[in-house]
Amino acid sequence: MRLLPAQLEQEIPRQRMPGTFLGASPAPMTPRAGLGPGPSPNPGRVQVSNPAGTPSFNPGVPARKLKGRWGVLPLGARPCVPPFIRVWAAGVSQMLVPALLVLFFCLRGRAGLSPHFLQQPEDLVVLLGDEARLPCALGAYWGLVQWTKDGLALGGERDLPGWSRYWISGNAASGQHDLHIRPVELEDQASYECQATQAGLRSRRAQLHVLVPPEPPQVLGGPSVSLVAGVPANVTCRSRGDARPTPELLWFRDGVRLDGATFRQTLLKEGATGSVESILSLTPSSHDDGAILVCRARSQALPTGKDTAITLSLQYPPVVTLSAEPQTVQEGEKVTFLCQATAQPPVTGYRWAKGGSPVLGARGPMLEVVADAAFLTAPVSCEVSNAVGSANRSTALDVRFGPILQAKPKPLSVDVGEDASFSCVWSGNPLPRVTWTRRGDAQVLASGPTLRLLAVGPKDAGDYVCRAEPGLSGLGGGAAEARLTVNAPPVVTALHSAPAFLRGPARLQCLVFASPAPEAVVWSWDEGFLTAGSRGRFLVETFPAPEGRGGQGPGLISVLHISGTQESDFSRGFNCTARNRLGEGGTQVSLGRRDLLPTVRIVAGVAAVAMTLLMVITGVALCCWRHGKVSLASASFSKQKNLVRIPGSSNGSSSRGPEEETGSSKDQGPIAHTDHSDLALDEEGALETKDPTNGYYKVRGVSPPTSPDSCVTSLQLKSPGIFNLP
């Protein structure tokens, strides 16, 4: 349909545009971007943009809504209108065009006023006892509005009779229909819906959640919980009631959260929460006595939580402190020990010990003793008891004392070339200085408890001394010895042998030192050898020797006896050889020769002795005669006997010395008797069987009976003998 120019001018004012004229078909124009089906500032007109981008109105183009957008019909185009309208519009076009325009805009306005929700309820969380408000607002609706709870209608009245805690608020004329619930209870937790019944409108479902704060928790055994120190224990916190959501139980001490709690939840038969528990495991100590623990129940309904505090009451065994006064003492001084203890329940007894051994008679918290060296290594302990248990503390005194030998060095026996090590242990406070020396030598070989000798030889054998110097007090100290024996081949030394007479007996000797002991000692000469026993003129004997130089090992003396010496015995050598597992050693021994004494010298000696005796007897006789003694027969000289004995003339061969055994029987001197004619000799009282001086002449006089007139009571003369002459 085409509008007449006159009619179009009534709706849209004409405007001339550059490049156009009335009745001419302008260039196609496009709608302005962003325009929609909403109302326009100039209804009935189409705002377009020219190619230059400036908006303008084409007065010759009618406006029409095409598929929701404003379009432009070019002049000469036929609109898409049913035929009966076209016929009707052709006849009454001048009358109906304004009416159609009014009807069009009226219908368009009524389409925007259909009933609809301006605000719908949403899910809501509310605390138990608080007020809940569910909003609902409707537009273009003035009919009945009602609320449902889990599908159950609450009613259409504003005060909702039958629901005392429920009501609807808001201006109904403006479409406000809010549902209020106060106070909220658990049964109010449901799904709510706002309905416009006459318009058939239903809002979205809104879920009302009711939160129930937790009750204050309970701690079993509170408010004061008794525990035993050192014993693991559990402290239980419990929250009862139908709290929603399930509360969380937390433990705190001094504002610090404690870890290690175990959570446990108990459900009722209906599935609701019955109670929750939190178990705190701990091993308390005595320092926890009086500590305050807090159990807090916290949930979304009560973010700050509710607290319950308890106090720990600890039972613990004694906590002991032991002191000594003074702590550093000299040996022999008095010391006082003090044992102090804190305990819950109180202390019931004390027990003292030294080095693990009980101190008899000590029962209280104090002990007095006299310090000695043992207190340095044997500490004093105090044990305190109560009903829960006992505790023990010990302390050692700093006792100053001089060196005490704890371990002596042990003798050593090592082979030549090996190392030797000695050790000795001295105790003392302060520690003593230990030195090592060799007996007879002041040179310090080492300091400390150990002496080590490398690659020892025979010269290293001997006694070694471990010495500790006295302490500051001057007490203690001393020395200990140990012998080092060096195992080596035997050391053989020839001993001096007395010269022998030709065809007389002879004796040769050698001294053997060996470690280990020699397996055999062998004497050898030109025509043979002998280890032990006898062979012809030869006999071998072995005797233990006196102890030799330290570390040389045991000594032996081997003796070779020769009976009836020959000329060849004086010109050849005799070998003494000893052998052990480490080797052998030996030496050569020679026999010396001894000649007979000249006869002249023997006679001169006898004459000199006789003259001496004669002079003595004459002098005695003259003395007695001068005193007028007539009868000398009755005098004490009646039993006098003068004996002159030459050593070597004894008949007992067992008492002869080495020189006598090697001498000839012809060398034995005679026994001379000197008799006085007036003296009666008593041989039994004056004769001696042996010569104890072994080489002296002895003349013994026996005095007569005591008389005031006697001039001589006793006389003894000794003169050197003349045997053992070369």
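Conventions adopted
Residues numbered from 1 in each chain as written. Predicted model: local features only at pLDDT ≥ 70, side-chain atom pairs only at ≥ 80, totals over all residues. Heavy atoms only, no water. Helix = DSSP H or I, 4+ residues; strand = E, 2+ residues; numbered from the N terminus. Buried < 20%, exposed > 50% of the residue type's maximum accessible area, 1.4 Å probe, protein only. Areas by Shrake-Rupley, 256 points an atom, 1.4 Å probe, with all protein chains shown as cover. Patch = residues over 30% accessible without salt bridge, like charges linked within 9 Å, V, L, I, M, F, W, Y side chains within 5 Å. Salt bridge = Lys/Arg side-chain N within 4 Å of Asp/Glu carboxyl O. Phe/Tyr/Trp six-rings, centres within 6.5 Å; stacked < 30°, edge-to-face > 60°. Lys NZ or Arg CZ within 6 Å of the ring centre and 35° of its normal. Pairing = 2+ DSSP bridges. Axes fitted to C-alpha atoms, helices over the stretch in contact; angles between N-to-C directions. Core = buried A, V, L, I, M, F, W, Y, C linked by side-chain atoms within 4.5 Å. Disulfide = S-S within 2.5 Å. Contact = heavy atoms within 4.5 Å. pLDDT = per-residue confidence, 0-100. Polar contact = N/O pair within 3.5 Å; in protein donor to acceptor, adjacent residues only side chain to side chain.

1. What about the overall build of the chain?
- Along its length, the chain carries eight helices and 55 strands.
- Taken over 726 residues, the chain has a buried fraction of 36%.
- Accessible area of the chain: about 41,400 Å², with a carbon and sulfur share of 56%.

2. A closer look at a nonpolar patch on the surface
- A cluster of nonpolar side chains, contributed by Val-228, Val-231 and Val-388, occupies part of the molecular surface with about 180 Å² of accessible area.
- Position of Val-388 among the secondary structure elements: in the loop between β31 (380–385) and β32 (390–395).

3. Notes on the packing of aromatic side chains
- Following the criterion strictly, the structure yields seven aromatic pairs and no others.
- The ring of Phe-570 carries the charged tip of Arg-593 above its face, separated from the ring centre by 5.5 Å.

4. Considerations on the sheet that holds strand β49 (residues 573–580)
- An order of β45-β44-β49-β50 is seen for the four strands of this open sheet, with the pairing classed as antiparallel. On the outer flanks of this sheet lie β45 (528–530) and β50 (583–590), each paired with one strand and no other. The sheet shows a mean angle of 25° between the axes of neighbouring strands, taken without regard to direction.
- Summarising the sheet, strand β44 (residues 520–525) and β45 pair through three bridges and their orientation is antiparallel. Looking at β45, one finds that Ser-524 is bridged to Phe-529.

5. What to know about the pairing of strand β43 (residues 506–515)
- Burial analysis of β43 places nine of its 10 residues in the buried class, the great majority of the element.
- Relative to β43, strand β41 (residues 478–494) is paired through five bridges, and the arrangement is antiparallel. When the sheet's bridge partners are listed, Ala-494 is paired in β43 with Cys-510.
- Relative to strand β48 (residues 555–562), β43 runs antiparallel, the two sharing eight bridges.

6. Here we look at the nonpolar core
- Core analysis: the largest hydrophobic core is formed by 23 residues, its most contacted members being Trp-147, Tyr-166, Leu-179, Ile-181 and Tyr-192.
- Mapped onto this core, the elements with two or more residues apiece are β8 (132–134), β10 (145–149), β12 (166–169), β13 (178–181), β14 (191–196) and β16 (206–211).
- If you look at the next biggest cluster of nonpolar residues, it comprises 21 residues, including Ala-324, Val-335, Ala-391 and Val-399.

7. Things to note about the state of the cysteines
- Tallied over the full model, the rule gives five disulfides.
- Note that Cys-136 is cross-linked by a disulfide to Cys-194, the S-S spacing being 2.0 Å. Handedness here is read from the sign of the S-S torsion; for Cys-136 and Cys-194, about -70°, the answer is left-handed. With Cys-136 in the loop between β8 and β9 (137–139) and Cys-194 in strand β14, this residue pair connects regions lying 58 residues apart in the sequence. A single burial state applies to Cys-136 and to Cys-194, both of which are buried.
- Between the sulfur of Cys-237 and that of Cys-295 lies a disulfide, 1.8 Å long from S to S.

8. Let's talk about the pattern of salt bridges
- Evaluated as defined, the whole model comprises 25 salt bridges.
- Close ionic contact of Glu-248 with Arg-298 constitutes a salt bridge, the shortest N to O distance being 3.3 Å. With a gap of 50 residues between them, Glu-248 in strand β20 (residues 248–253) and Arg-298 in strand β24 (residues 292–299) connect regions that are remote in the sequence.
- Exposure remark for Glu-248: the relative accessible area of 36% places this residue in the partly exposed category.
- We note a salt bridge from Asp-463 to Arg-439, for which the minimum N-O separation is 3.0 Å. Of this pair, Asp-463 sits in strand β40 (residues 462–468) while Arg-439 sits in the loop between β37 (434–438) and β38 (446–447), placing them 24 residues apart in sequence.

9. A word on the sheet that holds strand β26 (residues 328–330)
- Sheet architecture is open: three strands sit in the order β26-β33-β36, paired in mixed fashion. At either end of the open sheet lies a strand with only one pairing partner, and these are β26 and β36 (425–429). Each neighbouring strand pair of the sheet contributes to a mean axis angle of 35°, computed without reference to strand direction.
- Bridge count for strand β33 (residues 398–407) against β36 is four bridges, and the pairing is antiparallel. Within the sheet, the bridge partner assigned to Leu-405 lies in β36 and is Trp-426.

10. Considering the environment of Val-512
- Relative to the elements of secondary structure, Val-512 occurs in strand β43.
- Linking Val-512 and Ala-578, residues 66 residues apart in sequence, is a C-alpha distance of 7.1 Å.
- Once residues within four sequence positions are removed from consideration, Val-512 is found in contact with Pro-490, Val-491, Val-492, Pro-518, Val-521, Pro-554, Gly-555, Leu-556 and Ala-578.

11. Some thoughts on the pairing of β50
- In this structure, β49 lies alongside β50, joined through eight bridges in antiparallel fashion. Note on β50: the bridge partner recorded for Arg-579 is Glu-584.
- Turn length for the β49-β50 hairpin, with the two strands adjacent in sequence and antiparallel, is two residues.

12. Details of the environment of Leu-201
- On the secondary structure map, Leu-201 appears in strand β15 (residues 201–202).
- Residue Leu-201 is classed as partly exposed on the basis of its relative accessible area of 22%.
- In this structure Leu-201 touches Pro-115, His-116, Phe-117, Leu-138, Cys-194, Gln-195 and Ala-196, once residues within four positions along its chain are discounted.

13. Points about the confidence of the model for the chain
- Looking at the chain as a whole, its pLDDT mean stands at 74, while 67% of the residues score no less than 70.
- Of the regions scoring below 50 in pLDDT, residues 1–77 engages in 92 contacts with residues more than four places distant in sequence or in other chains.
- Confidence over residues 105–111 falls short of pLDDT 50; this stretch has five contacts with residues more than four positions distant or in other chains.

14. Side note on the side chain of Asn-487
- Within the secondary structure layout, Asn-487 lies in strand β41.
- Looking at Asn-487, its side chain comes within polar contact range of the side chain of Ser-413, at 3.1 Å.
- At 2.6 Å, the side chain of Asn-487 and the side chain of Ser-515 are in polar contact.
- Here Asn-487 is in contact with Ser-413, Val-414, Asp-415, Val-416, Ser-515, Pro-516, Arg-581 and Leu-582, once residues within four sequence places are set aside.

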